[in-house]
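Residues per chain, in single letters:
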Amino acid sequence: MEIAISTFNIDEEIEAGKLDLFEAMKQTHEMGFDAIEFLGNQIPSLEDDYLERLKLHGKKLNLKICAIDVVNRHFGSNDFERKNDISLIKFWIKTAAQLECPCLVAFLGGFEEEKNRKMQLRRDIDAFKECVEFAEKSKVRLAIENHRIWLRENEWEQENETDDILLIVKTINSKYLGASPDIGNFYKSSFKELSVKQQEYAYNCFEQLISVALHIHIKIKNFDEHGKSLQSDFGKLVNVLKKYNYNRTVTLEFAKPVAEKKDVLHEQGLALLKKYI
């Protein structure tokens, strides 16, 4: 099982020009991680020469580029924007293939009212079917992240995104499509602020998605003086991974904002995850 960090964690430093992807990869390697996950919109050039240098830099460090986050947000919008997002995913599939990156992480479309759910589900199935047919040619996998809660203003419990992801994966039925469960994306509130019932709901949804997972995000925010996560229970999550023989990548992603120094959080998260793995 590989352990990675997401460049979402250092988005502020990249945006400010204090860090580029080459240095981010170097620091990730020096901290002891196996892999790195890029946000697509952070890759500053898509010229063949730049992508080749990025790929070779990873090989030199023995650091895998494990995933690219597409950050598509318009599957629930009008036809023009939805088609643009399909084109965006296809574009990143080709880029991932150039980088020898095995996986793209993408989102479902959002909706504001429950009555619109079935219509959006049909749109999502059609969109991902087209994208998967394209991905199969490049041998790049698509992993759907539970992220819909951030695509709308309203929040309600048990809004069925887990069921929708499972249905889409089952309907399309391709080894190149699966899930990317994120334990921190079932509620907008910080995990430690959730009730016991809400936490159990999140763990249950996470486990359901692990059965079809191609990639995983685990949120980190802070740790106590003994190195225990004050977010989700790492031991409980790892037990689920072992139950389903999950052996792909686990990416540590910040639940922002974070108070601690970022390198400290990365090191603590890595040490705790290794302890249970």
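Per chain, the residues get numbers from 1 upward, laid out in the order the sequence is written. Per-residue local features are limited, in this predicted model, to residues with pLDDT of at least 70; the limit for side-chain atom pairs, both in listing and counting, is 80 or more; totals at the level of whole chains, interfaces and linings are taken over all residues. Only heavy atoms go into the side-chain values, all of them from the structure, while hydrogens and water stay out.

**Student:** What is the right way to read the overall build of the chain from this model?
**Tutor:** Scanning the chain for helices and strands turns up nine helices and eight strands. Relative to the compact-globule value of 19 Å for 277 residues, the chain shows a C-alpha radius of gyration of 18 Å, a close match. If you line up the chain on its principal axes, its C-alpha atoms span 50 × 45 × 35 Å. Note on contacts: a residue pair qualifies if any of its non-hydrogen atoms lie within 4.5 Å across the two residues. Long-range pairs, those at least 24 residues apart, make up 78% of the contacts in the chain between residues at least 6 apart in sequence. Within the structure as shown, the chain displays about 13100 Å² of accessible surface, and the carbon and sulfur contribution to it stands at 47%. Residues scored as charged are limited to Lys and Arg (positive) and Asp and Glu (negative), so that His and the chain ends carry no count. By convention, the charge on Lys lies at NZ, on Arg at CZ, on Asp at CG and on Glu at CD. In the chain, the 40 positive side-chain charges and the 46 negative ones have mean positions that sit 4 Å from each other. Helix numbers and strand numbers start at the N terminus; a helix is a DSSP run of H or I with at least 4 residues, a strand a run of E with at least 2. Our radius of gyration is a C-alpha quantity, and the globule rule it is checked against amounts to 2.2 Å times the number of residues to the power 0.38. Method for areas: the Shrake-Rupley scheme with a 1.4 Å probe, in which residue coverage is limited to the protein chains shown.

**Student:** Is there a simple way to think about the side chain of H266 in this case?
**Tutor:** Tracing the sequence through the fold places H266 in helix 9 (residues 262-276). Apart from residues lying up to four places away in sequence, H266 is in contact with I5, N9, M31, F33 and F254.

**Student:** I would appreciate a short explanation of the nonpolar core in the present structure.
**Tutor:** Note that soluble globular proteins tend to have their nonpolar side chains buried in a common cluster. In this structure, L104 and F128 are the most contacted members of the largest nonpolar core, which totals 79 residues. Leave out the neighbours within four places in its chain, and L104 touches I68, V70, I89, W92, I93, A96, V140, R141, L142 and A143. In this structure, A4, A35, A143 and L214 belong to the second largest nonpolar core, which totals eight residues. Among the buried residues, those of types Ala, Val, Leu, Ile, Met, Phe, Trp, Tyr and Cys that are joined through side-chain atoms within 4.5 Å form a nonpolar core. Accessible area is worked out with a 1.4 Å probe on protein chains only. A residue is then buried under 20% of its type maximum, exposed over 50%, and partly exposed in between.

**Student:** Which parts of the structure should I look at to understand the layout of surface pockets?
**Tutor:** Rolled over the atoms, a probe with the dimensions of a water molecule shows which regions are left empty. Definitions used throughout: a 1 Å grid over protein atoms alone; a cavity as a set of points that fits a 1.4 Å probe which cannot get out; a pocket as an open set with protein on both sides within 12 Å along at least five of seven lines; a lining residue as one with an atom within 4 Å of a point. Grid points are joined across faces, edges and corners, and a volume is the space filled by probe spheres set on the points. Its volume calculated, the largest pocket comes out at about 520 Å³. Forming the walls of the largest pocket are 28 residues, and the residues nearest its centre are F8, W150, N185, K219 and E253. Its residues placed into classes, the lining of the largest pocket shows 13 nonpolar, seven polar and eight charged. Ten residues, namely Ala, Val, Leu, Ile, Met, Phe, Trp, Tyr, Cys and Pro, are considered nonpolar, four, namely Asp, Glu, Lys and Arg, are considered charged, and the remaining ones, Gly among them, are considered polar.

**Student:** Whenever I open this one, the environment of L121 confuses me. Can you help?
**Tutor:** Note on placement: L121 falls in helix 5 (residues 117-138). Through-space distance from the C-alpha of L121 to that of F75 is 9.8 Å; in sequence the pair is 46 residues apart. The residues touching L121, leaving out its near neighbours within four places in the chain, are D164, L167 and I168.

**Student:** Any chance you could explain the sheet that holds strand 6 (residues 177-180) here in plain terms?
**Tutor:** Strand pairing in a sheet takes place through backbone hydrogen bonds and is either antiparallel or parallel in direction. Only strands joined by at least two bridges in the DSSP assignment are considered to pair. Reading across from one edge, 6-5-4-3-2-1-8-7 is the order of the eight strands in this open sheet, with parallel pairing throughout. Each edge of the sheet is formed by a strand with only one pairing partner; in this case those strands are strand 6 and strand 7 (216-220). Strand-to-strand twist of the sheet, defined as the mean angle between neighbouring strand axes without regard to direction, takes the value 30°. Pairing of strand 1 (residues 2-6) with strand 2 (residues 35-39) involves three bridges; the strand directions are parallel. The residue of strand 2 that forms the bridge with I5 is I36. Of the strands in this sheet, strand 5 (141-145) and strand 6 are in contact with helix 6 (residues 161-172), which crosses strand 6 at around 160°. Inter-axis angles, ranging from 0 to 180 degrees, are taken between N-to-C directions of lines fitted to C-alpha atoms, where helices are fitted over the stretch in contact.

**Student:** So what exactly am I meant to see when it comes to the packing of helix 3 (residues 48-61) against helix 4 (residues 79-99) here?
**Tutor:** Two quantities define a packed helix pair, namely the angle between the axes and the distance from one axis to the other. Packing of helix 3 against helix 4 brings their axes to within 9 Å, and their N-to-C directions diverge by 50°. It follows from the interaxial angle that helix 3 and helix 4 lie oblique. Contacts between helix 3 and helix 4 pair D48, L51, L54 and K55 from the former with T95, Q98 and L99 from the latter. Split into classes, the residues belonging to the contact of helix 3 with helix 4 amount to three nonpolar, two polar and two charged. Oblique is the label for every angle not falling under 35 degrees (roughly parallel), over 145 degrees (roughly antiparallel), or within 65 to 115 degrees (roughly perpendicular).

**Student:** Is there a simple way to think about helix 7 (residues 196-210) in this case?
**Tutor:** For the α-helix, the turn length of 3.6 residues means that residues three or four positions removed from each other point alike. Spanning 15 residues, helix 7 covers 21 Å between terminal C-alpha atoms, matching the ideal 21 Å at 1.5 Å per step. Buried within helix 7 we find Q198, Y201, A202, Y203, C205, F206, L209 and I210. The secondary structure elements touched by the buried residues of helix 7 are helix 6, strand 6, strand 7 and helix 8 (234-243). In this scheme, a helix's expected span is set at 1.5 Å multiplied by one less than its residue total.

**Student:** Before we go on, may I ask you to explain the packing of helix 8 against helix 9 in this structure?
**Tutor:** With their axes 9 Å apart at the nearest point, helix 8 and helix 9 run at an angle of 50° to one another. As summarised for this structure, helix 8 and helix 9 are arranged oblique, according to the angle between their axes. For the crossing formed where helix 8 meets helix 9, the hand is right-handed. Where helix 8 abuts helix 9, its residues F234, G235, V238 and K242 lie against G269, L272, L273 and Y276. Partitioning the contact of helix 8 with helix 9 into residue classes produces five nonpolar, two polar and one charged. A clockwise turn of the near helix away from the far one marks a right-handed crossing, whereas an anticlockwise turn of less than a right angle marks a left-handed crossing.

**Student:** Got a minute to help me understand the packing of aromatic side chains in this structure?
**Tutor:** The geometry of an aromatic ring pair comes down to the distance between the two centres and the angle between the two planes. The aromatic pairing rule takes the rings of Phe, Tyr and Trp, using the six-membered ring of Trp, and pairs them if the centres are within 6.5 Å, calling planes under 30 degrees apart stacked, those over 60 edge-to-face and the rest tilted. Evaluated as defined, the whole model comprises four aromatic pairs. Taking the centre distance of 5.6 Å and the plane angle of 85° together, the rings of F22 and Y50 count as edge-to-face. Of this pair, F22 sits in helix 2 (residues 21-31) while Y50 sits in helix 3; the two residues are 28 residues apart in sequence, bridging distant segments of the chain. For Y50, a relative accessible area of 10% translates into the label buried. Look at F191 and Y203: their rings are 5.4 Å apart centre to centre, the planes differ by 70°, and that puts the pair in the edge-to-face class. With F191 in the loop between strand 6 and helix 7 and Y203 in helix 7, the pair connects residues that are twelve residues apart, well separated along the chain. Of the two residues examined, F191 and Y203, each falls in the buried class. It is K256 that lies over the ring of F8; its NZ or CZ is 4.0 Å from the centre. Only when the NZ of Lys or the CZ of Arg is both within 6 Å of the ring centre and within 35 degrees of the ring normal is a charge said to sit over the ring.

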